[in-house]
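# A look at the structure
For reference, the chains in residue letters:
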Amino acid sequence: MFASVIIDQDTKALDKVFDYRVPDKIEIQNGDRVLVSFGARMMQGFVVELKEKTDYDEKKIKNIVAKMDEQPIIKPEMLQLMKFMCEEFHLRLTSVLKLFIPSEIREGKIKELFVKWGKLSKSFSAEQIKNAKSQKKAVEALQNKARIKIVDLKKEFGQSAVKALIEKGIIEIEMERCLRKPFSSQQEDKKIILNELQKRAVESVGEKGVYLLHGVTGSGKTEVYMNLIARVLEKGQNAIMLVPEISLTPQVMANFKSRFGDNVAVLHSSLSAGERFDEWKRLFFGEARVVVGARSAIFAPLDKVGIIIIDEQHEQSYISESNPRYDTFEIAKFRAEYNNCPLVVGSATPSVDIYEQAKHGDVNLIEIPTRANGKELPKIQIVDMMNELRVGNSGIFSSQLLSDLANVINEKKQAMIFINRRGFSSFMMCRECGYVAKCEACDVNLVYHREDNRLKCHYCGKQYRALDRCPNCGSDKIKQGAVGTERVVSELKEIFPNVKILRMDNDTTSRKNGHEKILSEFRESKPAILVGTQMIAKGHDFEDVVLVGIIDADQSLYRGDYRSTERCFQLITQVSGRAGRSQSEGKVVLQTYSPRHYVYKFAANYDYKGFFKKEENLRKTALFPPFSKIIRILFAHPDENVVRDELKMCYNKLLKVREKYFDEIIYMDAMKSPVKKIKNSFRYQIVIRLLLKNSREIENEIFKCTDDNLKSSVFFEVNPESMS
Ligand code: ADP
Ligand code: ZN
Ligand code: ZN
C-alpha cells in the first residue's frame, strides 16, 4: 500500500504529493498526519490518498515513519474540499492546507490532540526495574502522585527510562483530550417570539439549496438564524454561522452564547493560537456543535453540517485577498452540497451579483421588508455640501448636521458620525461643479495616487495628470483626499466641549478587546457622540442612537472601481440602520458634493430594488460583472526585471488564448499595478475581461499560461475586490 503525502511547508517546490510506502505495522487512513523523511530531514505531512500502486520507482520509495494521531486530522469532506479549492481558485495544495489545520499543529509543531498521562500499573513489582536508577526515580515519583504527564516524566527522568518503563508495562498511558472550558455567557437569553414575517422566513428554508434572506436593517435576521440553527440541532446536526468580523459584533456573539451555551465555539482573529486550537478541537471532537466566526470558520472541522449561514453577505471580508485567495461563498456552497443542507445568506443590501442570481432562480429569495419592532426606518436627509460652500461654510459639518447634533445633546441621546476611509487611495473632485475625473477607456473613476501625484485607472493602467483646475468649469477648488476621524473628533470637541466624544478606528482598536471597550463606554454615556470608520457601520444595536451623520458619502462613490456605487449604497444603508432602533425616531444626515447622483436617491428611499435595476442596466451596458468576468493575474518579485520578463512571457502565451477566443475576450492588457511596490516587491499585472459564455473554459486556459515554474509570486483573481 502507498500513500500520497503533502509535506507541511508552504513553498512552491513542495507543492506536489509525494509517495511513501505504508509499512504493515502502521494502519494509515486518508487525512492522517504522519512523519516522513524528506531529504535529510524528518517532516510532518498529511495523507491525501491511499493507493495500491505508485508511478514512482518502488525500490526508491521510503516508508512512512510514524502516524502521529489516533485519528485522521483531515476529515473526508475536507480532503475533497481541498481539491475543489485548488481547482476553483487555482491554489497550491500546501497553501490550502494551512486553512484546514490550526497553526498549533502545523509546520513541525508536533503538538498532540491528546495529553498523555502516565500512571503506575497495578501489577507493578519492584523486581522489574532492578538497578536502573532513573527508572527507579520515575517510579518513586509516580508512587507519590496518581498520575504525571508523560512529557514531564521524560523531561525529568529521560526519554529512554520512560520508554523502557512503558515497554515493560510498568507505566500505563492514559489519554485525555486537552480541552479548555469555553467561557460561559453572562447574558440572559432574550425570549423572543418570532413575528409572522420571521416565521415565514424560517419556514421558507428547505432541505437544501441557496437562500438569500433580504431583510431591512433591524428586521430581526439574527433571530431567524438562531431559529434555523435550533431546528438543525434538534435533528442532531451541526451548524456553521459566519459573520464579517466578530470582534466588531460582540453582541451577535453574546446572543449566540446565551441561546446555545457551551454548544457554541467561536473562531475569530483576536484569539490566540492556543485559544483557536482549543475551539478547533471542541469542534473536531463534536463537543461544540455550532461554530460562530469570521470567514475562516467555514473550514471548521464539523461533521453532519445541517445548515450554513452567512450574515452580511455583501461584506468584502468574505473574500480573502491575501494568499491563499478564495471566496467564502463558493466554499460554503461546496460544503452545503456535500452535506446536503441549505446555505442561507442574509443582508439588508445584498450584492448585485447574488441578487442577479436570485432573479434567475438559482438562489431562493426570502424578504423581510419591515423592522421587527414595527418602527419606520430612519429618514435620510441629503445635504448638498456644494451649497454649504456657496453660503460660505467650508468646514467639515453642514449647518443641518450641527443643529441636529445640538438637539441630540439637549435630549441626552446619542449620535454616530461615520467617516468613510478605506484603502490608501482617493479621488479628485471639483468642489464648484462636482466634476470627477473618469478613465476615457473604462468608464470608471480615476484614483489619485499621492506618491507620484497622478490619476490612475485601476482597470487599464492608464495615467492622467492630477487636476489643478477643473476641466469642466475652470475652478481651482479641487478637493482631494478625505478628512480623518481625528480631525472630526477634535473639531467636535471644540464645538461641544462638555460632551463625551469617542473615536473608533484602526488606531483606537488595535489592542485586544479595544472595540468592546469603546462600545461599552459609548453605551453607558449619554449624551455622547461616537465617531468612526466602517467599524461602526456593522450590526450594532444601540437603543439611544437617534442621529447618524455621514460626513463624506462620496468617498466610497468615487473609489475607481466598478463596484463603487454598490459599496456606497451598502454603506449608507448599513450606517443608517444604526439609528432609531428602539422607541425614539431616528434620522440620518448625509453630506455629499454630488447630491443628484442616483445612488443617493435610491438609498434615501431605502429602494434596494430600484437601485439594483439601475445598476444592473449600467453594468450590462458597460459589460462589467456579473455580465462579464474580470481576471487579474498579479506578479510580484523584489527584482523588477524578473517580474517584467516573466509577465511578458505569460502575456505572449496569453495572446494565443486571446486569438482563439477573440469574440469572448473583450479586453486584455499588461501593466504596472497601480501600487507599484509593496514590501519591496515590484508588482505587475495582466487584466483580462471576458464574456460569460465559455468563461470557465477560458479561465482554465488562461490559468495554464501562468502555471510555469516562475520566480515571481503569481496571484490569480476573478472579479477582484481591489485592483490596486
Ligand atoms: P438585523 O440583523 O436584521 O438588522 P437584528 O437581528 O439585530 O436585526 O434585530 C433587531 C432588533 O429587533 C434586536 O434588538 C432584536 O432583539 C429585535 N427583535 C428581533 N426579532 C424580534 C421580534 N420578533 N420581536 C421583537 N423584537 C425582535
Ligand atoms: Zn468644476
Ligand atoms: Zn481605464
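Right, let's walk through the structure included here. (Residues numbered from 1 in each chain as written. Chains lettered and ligands numbered in written order. Predicted model: local features only at pLDDT ≥ 70, side-chain atom pairs only at ≥ 80, totals over all residues. Heavy atoms only, no water.)

## Some details on the packing of aromatic side chains
For the structure on display, the rule yields 19 aromatic pairs. Their ring planes at 25° and their centres at 6.4 Å tell us that Tyr598 and Phe611 sit as a pair that is stacked. Of this pair, Tyr598 sits in helix 18 (residues 598-604) while Phe611 sits in helix 19 (residues 608-622), placing them 13 residues apart in sequence. Here Tyr598 matches Phe611 in class, with each residue buried. Between Tyr608 and Phe612, the ring centres sit 6.4 Å apart and the planes meet at 20°, which makes this aromatic pair stacked. Here the residue Tyr608 and the residue Phe612 both occupy positions in helix 19, the gap between them amounting to four residues, near one helical turn. Through successive ring pairs, a cluster of aromatic residues spans Tyr355, Phe569, Tyr598, Phe602, Tyr608, Phe611 and Phe612. Above the face of the Phe715 ring, Arg325 is positioned so that its terminal group lies 4.7 Å from the ring centre. (Phe/Tyr/Trp six-rings, centres within 6.5 Å; stacked < 30°, edge-to-face > 60°. Helix = DSSP H or I, 4+ residues; strand = E, 2+ residues; numbered from the N terminus. Buried < 20%, exposed > 50% of the residue type's maximum accessible area, 1.4 Å probe, protein only. Lys NZ or Arg CZ within 6 Å of the ring centre and 35° of its normal.)

## Topic: the site of ligand 1
Around ligand 1 lies a shell of 17 residues, among which Ile193, Gln198, Gly218, Thr222 and Asp541 are the nearest. Between an oxygen atom of ligand 1 and a main-chain N or O atom of Ser219, the distance comes to 3.2 Å. In the environment of ligand 1, an oxygen atom lies 2.8 Å from a nitrogen or oxygen atom belonging to the side chain of Thr222. Class assignment for the residues of the shell around ligand 1 results in five nonpolar, seven polar and five charged. (Near = heavy atom within 4 Å. Polar contact = N/O pair within 3.5 Å; in protein donor to acceptor, adjacent residues only side chain to side chain. Nonpolar A, V, L, I, M, F, W, Y, C, P; charged D, E, K, R; others polar.)

## Here we look at the pairing of strand 26 (residues 587-592)
The side chains of a regular strand alternate, residue by residue, between the two faces of the sheet. Counting buried residues along strand 26, five of its six residues qualify, which places the element largely inside the surrounding structure. As defined by bridge partners, strand 16 (residues 379-384) adjoins strand 26 across six bridges and the pair is classed as parallel. By the bridge assignment for strand 26, Lys379 is matched with Lys587. Where strand 25 (residues 545-550) meets strand 26, four bridges bridge the pair, whose relative direction is parallel. (Pairing = 2+ DSSP bridges.)

## Some words on the sheet that holds strand 30 (residues 713-718)
The sheet built from four strands is open, its strands ordered 28-29-27-30 with antiparallel pairing. The outermost strands of the open sheet, each flanked by one partner alone, are strand 28 (665-678) and strand 30. Neighbour-to-neighbour, the strand axes of the sheet open up by a mean angle of 15°, direction not taken into account. Note that strand 28 and strand 29 (residues 681-690) share nine bridges and pair antiparallel. Following the sheet pairing, Ile678 is matched in strand 29 by Ser681. (Axes fitted to C-alpha atoms, helices over the stretch in contact; angles between N-to-C directions.)

## Let's talk about the coordination of the zinc ion (ligand 2)
Surrounding the zinc ion (ligand 2) are the protein donor atoms Cys430 (SG), Cys433 (SG), Cys470 (SG) and Cys473 (SG), which sit 2.3 to 2.4 Å from the metal. Given four donor atoms and angles of 105 to 112° at the metal, the environment of the zinc ion (ligand 2) is assigned as tetrahedral. Here the donor residues of the zinc ion (ligand 2) share one chain and are spaced in sequence as C-x2-C-x36-C-x2-C. Residue Cys430 is located in strand 18 (residues 428-430), and its partner Cys470 is located in the loop between strand 21 (463-465) and strand 22 (478-480); the two are separated by 40 residues in the primary sequence. Across the pair, exposure class does not vary: Cys430 and Cys470 are buried alike. (Donors = N, O, S within 2.8 Å, 3.2 Å for Na, K, Ca; no water. Tetrahedral: all angles 85-135°; square planar, octahedral: opposite > 155°, others 65-115°.)

## So, the pattern of salt bridges
A full pass over the atoms with the stated rule returns 33 salt bridges. In this structure, Arg696 engages Glu88 in a salt bridge whose closest nitrogen and oxygen atoms are separated by 3.2 Å. With a gap of 608 residues between them, Arg696 in helix 21 (residues 695-705) and Glu88 in helix 1 (residues 76-89) connect regions that are remote in the sequence. Taken together, the shared-partner salt bridges connect Glu88, Lys629, Arg696 and Glu699 into one network. (Salt bridge = Lys/Arg side-chain N within 4 Å of Asp/Glu carboxyl O.)

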